[in-house]
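# Analysis of the macromolecular model
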Amino acid sequence: MTAAEREFGGALYELAQDEHCEDACLEGLETAVKLFAQMPEYIKLVQNPAVPKSDRLAMLDEAFGEGVHGYVLNFLKILCERSMLGAASGCLQEYKSRLYEQRGILPVQAISAVEMDEAQKKALCAKLGEKTGKTILLETSVDPSVLGGIRLRYEGKELDGTAAGRLASLRRVLTQA
């Protein structure tokens, strides 16, 4: 994430927080980022300097006008004027980061060899919540290459409790001996 994305995403969050519309702005920004990911050519069109500025801003009004909070629409217009619409996803990351920190939410990515059932997910969330003192927002994925166990990623840390990780660790120890 760039410094500009942190600055812009943080500024939108602070405004939304001051006006008590954090969830509405989050939803609108997520909508915009999804659209931009699905249609990257739209960003090129809206940021094309050959298209008059008023027409580019009108395109944003037409695409998002009633579907997103007014602050998000104005935010997108500012990004457009600075040819930074491609940075919207980084701004969203910063926005979410600040929102989650304020609400005591910890996003955690769990990678396992097989799909975790609901009981396992709840147990993992409870254990991590107890350890961190935060509400856990769990995202799970399946990667058969881990062989067994689970790998967790949160707060820039990676905890590897997988069979593949243990085998790799054992391999390093044996090659060093």
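Above this note sits the structure.
Residues numbered from 1 in each chain as written. Predicted model: local features only at pLDDT ≥ 70, side-chain atom pairs only at ≥ 80, totals over all residues. Heavy atoms only, no water.

### Describing the overall build of the protein chain
For the protein chain, the helix and strand inventory stands at eight helices and four strands. Each helix and strand of the protein chain, ordered N terminal to C terminal, gives the series α-α-α-α-α-α-β-α-β-β-β-α. At 21 Å, the protein chain has a C-alpha radius of gyration far larger than the 16 Å of a compact globule built from 177 residues. Across its three principal axes, the protein chain shows a C-alpha extent of roughly 65 × 35 × 30 Å. Across the 177 residues of the protein chain, 36% fall into the buried class. Sequence-distant contacts in the protein chain: of pairs separated by 6 or more residues, those separated by 24 or more amount to 67%. In the structure as shown, the protein chain presents an accessible area of about 10,600 Å², 52% of it carried by carbon and sulfur atoms. Once the 21 positive and 26 negative side-chain charges of the protein chain are each reduced to a mean point, those two points are 8 Å apart. (Helix = DSSP H or I, 4+ residues; strand = E, 2+ residues; numbered from the N terminus. Rg over C-alpha atoms; globule rule 2.2 N^0.38 Å. Buried < 20%, exposed > 50% of the residue type's maximum accessible area, 1.4 Å probe, protein only. Contact = heavy atoms within 4.5 Å. Areas by Shrake-Rupley, 256 points an atom, 1.4 Å probe, with all protein chains shown as cover. Lys, Arg positive; Asp, Glu negative; His and termini not counted. Charge placed at Lys NZ, Arg CZ, Asp CG, Glu CD.)

### Some remarks on the packing of aromatic side chains
By the definition in use, this model includes three aromatic pairs. When the ring of Tyr-13 is compared with that of Tyr-95, the centres are 5.4 Å apart and the planes differ by 80 degrees; the resulting orientation is edge-to-face. With Tyr-13 in helix H1 (residues 3-18) and Tyr-95 in helix H6 (residues 88-103), this pair connects stretches of sequence that are 82 residues apart. Each of the two residues, Tyr-13 as well as Tyr-95, counts as buried. Measuring from centroid to centroid gives 6.2 Å for Phe-36 and Tyr-42, while their planes differ by 20 degrees, and the two rings are stacked. (Phe/Tyr/Trp six-rings, centres within 6.5 Å; stacked < 30°, edge-to-face > 60°.)

### A short note on unusual backbone geometry
Unlike most non-glycine residues, His-20 shows phi in positive territory, near 60 degrees. Backbone geometry places Ser-83, a non-glycine residue, at a positive phi of 55 degrees. Position of Ser-83 relative to the elements: it lies in the loop between helix H5 (70-81) and H6.

### Quick look at the environment of Arg-98
Relative to the elements of secondary structure, Arg-98 occurs in helix H6. In this structure, the C-alpha to C-alpha distance between Arg-98 and Ala-24, residues 74 residues apart in sequence, is 15 Å. Setting aside chain neighbours within four positions, we find Arg-98 in contact with Arg-6, Gly-10, Tyr-13 and Glu-14. Among the polar contacts made by the side chain of Arg-98, one reaches the side chain of Glu-14 at a distance of 2.9 Å. (Polar contact = N/O pair within 3.5 Å; in protein donor to acceptor, adjacent residues only side chain to side chain.)

### So, the packing of H1 against helix H2 (residues 22-38)
Axis separation between H1 and H2 bottoms out at 8 Å; the angle between their running directions is 145 degrees. Each of Leu-12, Tyr-13, Ala-16 and Gln-17 in H1 lies in contact with H2, whose residues at this interface are Glu-22, Cys-25 and Leu-29. Among the residues forming the contact of H1 with H2, the class breakdown is five nonpolar, one polar and one charged. (Axes fitted to C-alpha atoms, helices over the stretch in contact; angles between N-to-C directions. Nonpolar A, V, L, I, M, F, W, Y, C, P; charged D, E, K, R; others polar.)

### Observations concerning H2
Between its first and last C-alpha, H2 extends 24 Å over 17 residues, near the 24 Å set by a 1.5 Å rise per residue. Burial in H2 covers these residues: Glu-22, Cys-25, Leu-26, Gly-28, Leu-29, Ala-32, Val-33 and Phe-36. When H2 is viewed along its axis, its buried side chains cluster within an angular range of 165 degrees and face the same direction. Exposed and facing more than 90 degrees away from the buried side of H2 are Glu-27, Lys-34 and Gln-38. Of the surrounding elements, those touching the buried residues of H2 are H1, helix H3 (40-46), helix H4 (53-64), H5 and H6. (Expected span 1.5 Å × (residues − 1). Arc of directions from axis to C-beta.)

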